[in-house]
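What follows is each chain in one-letter form.
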Amino acid sequence: MIKYFSILFIAFALLGCNKTDHPEMVQIPAGDFILGFEPTVEIKPFISENTTGLNAQPKQTLFLETFFIDQYETTYEDFLKFKPKAKYSTHFINEPVRGVSWFEADSYCLSIGKRLPTEFEWEKAARGLDNRLFVWGNEFNKRNANFSKKVIGIHTKNKDKSIFGVWGMNGNVSEWTSSWYQPYPNSSHQDENYGKKLKVTRGGSYFKRDHGFMKDFVMIPFRNISPLNARFWDTGFRCALSE
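Residues numbered from 1 in each chain as written. Predicted model: local features only at pLDDT ≥ 70, side-chain atom pairs only at ≥ 80, totals over all residues. Heavy atoms only, no water.

(A) Representation of the state of the cysteines within the structure. Evaluated as defined, the whole model comprises one disulfide. Disulfide pairing places Cys109 opposite Cys239 at an S-S distance of 2.1 Å. Between Cys109 and Cys239, the S-S dihedral sits near -85°, and the bridge is therefore left-handed. In this pair, Cys109 is assigned in helix α3 (residues 102-111) and Cys239 in the loop between β8 (235-236) and β9 (240-242), connecting sequence segments 130 residues apart. In this pair, the class of Cys109 matches that of Cys239, namely buried. (Disulfide = S-S within 2.5 Å. Helix = DSSP H or I, 4+ residues; strand = E, 2+ residues; numbered from the N terminus. Buried < 20%, exposed > 50% of the residue type's maximum accessible area, 1.4 Å probe, protein only.)

(B) Inspection of the sheet that holds strand β4 (residues 67-70) at higher detail. The strand order β1-β4-β9 describes an open sheet built from three strands, whose pairing is antiparallel. Single-partner strands in this sheet number two, and they are β1 (25-28) and β9. Taking the axes of each pair of neighbouring strands and ignoring which way they run, one obtains an average angle of 25° across the sheet. Here four bridges tie β1 to β4, and the two strands are oriented antiparallel to one another. Bridge pairing links Met25 to Asp70 in β4. The strands that helix α4 (residues 119-127) touches are β1, β4 and β9; relative to β4, the one it contacts most, it runs at about 75°. (Pairing = 2+ DSSP bridges. Axes fitted to C-alpha atoms, helices over the stretch in contact; angles between N-to-C directions. Contact = heavy atoms within 4.5 Å.)

(C) Main features of α4. Buried residues dominate α4, accounting for eight of its nine residues. All of the buried residues along α4 are Glu119, Glu121, Trp122, Glu123, Lys124, Ala125, Ala126 and Arg127. Where α4 ends, the next residue or the one after it, Gly128, has phi of about 75°, a positive value.

(D) Spatial organisation of the sheet that holds strand β5 (residues 174-180). One open sheet accounts for four strands, arranged β7-β6-β5-β8; its pairing is mixed. In the strand order of this sheet, the two ends are held by β7 (224-226) and β8, each with one partner. Bridging between β5 and β8 involves two bridges; their strand directions are parallel. The residue of β8 that forms the bridge with Ser174 is Thr235. Lying on the sheet, α4 is in contact with β5 and β6 (199-202); it crosses β5 at an angle near 135°.

(E) The arrangement of α3 in detail. Among all positions in α3, only Trp102, Glu104, Ala105, Asp106, Tyr108 and Cys109 are buried. At its buried positions, α3 is contacted by α2 (76-82), β5 and β6. With its phi angle positive at about 80°, Gly113 sits one or two positions after the end of α3.

(F) Here's a closer look at unusual backbone geometry. For the bond from Gln57 to Pro58, the omega torsion is 0°, close enough to zero to count as cis. Residue placement: Pro58 occurs in the loop between β2 (31-35) and β3 (60-64). Unlike most non-glycine residues, Asn172 shows phi in positive territory, near 75°. Positive phi, normally seen in glycine, also occurs at Asn186, with a value near 70°. With respect to the secondary-structure elements, Asn186 resides in the loop between β5 and β6. Residue class for Asn186 comes out exposed when judged on its relative accessible area of 71%.

(G) Region of the structure containing the side chain of Ser179. Among the secondary structure elements, Ser179 is positioned in strand β5. Within the local environment of Ser179, its side chain forms a polar contact with the backbone nitrogen of Glu119, the two atoms lying 2.9 Å apart. The contacts of Ser179, once residues within four sequence positions are left out, are Thr118, Glu119, Leu198, Lys199 and Val200. (Polar contact = N/O pair within 3.5 Å; in protein donor to acceptor, adjacent residues only side chain to side chain.)

(H) Inspection of the environment of Gly128 at higher detail. Looking at the secondary structure, you find Gly128 in the loop between α4 and β5. Classification of Gly128 as buried rests on a relative accessible area of 1%. In sequence terms Gly128 and Ser162 are 34 residues apart; their C-alpha atoms lie 6.9 Å from each other. Leaving out residues up to four positions away in the same chain, Gly128 has contacts with Phe33, Glu123, Ile163 and Phe164.

Right, here's the structure in full:
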């Protein structure tokens, strides 16, 4: 009986550590999730064949270990503690920081003992376990997230919240990941950009309305790519942490 209660005590202690050690983060449990698009999904090409969704196929089941991810995107207030001399054209420190390169995003996360999420971790945290295309389900509704022409603060409530409790993954700003742009496992798609040349960014943003392909670009499995030193005013980041 004493041994039984000792085991229970250790288990509750470990669970308590997970919640209190990283209160600003969400724990994503180990297990399978669905990655990518169905081959039959029709995604309109915008710039080139690379934007058709073929690079996010085949759809497959993938296992990930437990990890933590920030509940909200990194803000200007957070980032200016790391880079106090940076100047940005905003007076709202609770907005997600944007216009930062991959190197800056990576350095910030490392400076606080974290890292950027992989694109697979990002997709699982946004998509959940039931193969949804948007954090709220499979039907697109532009009112559910911030797809306007203006960014909003990270604590502005809407329906842009994943089943794990992670906010702002479908809209507001796109996000850097740690992942190189590589073909998916078992993919037959060819792309000259594959390799250690470009990083994957994920998620829709407030700018996507202008070019008329908002629905396609904000689907959770959609992959975008960027040079590491690029700075876009609709792209920010959040951090992750291994268990």
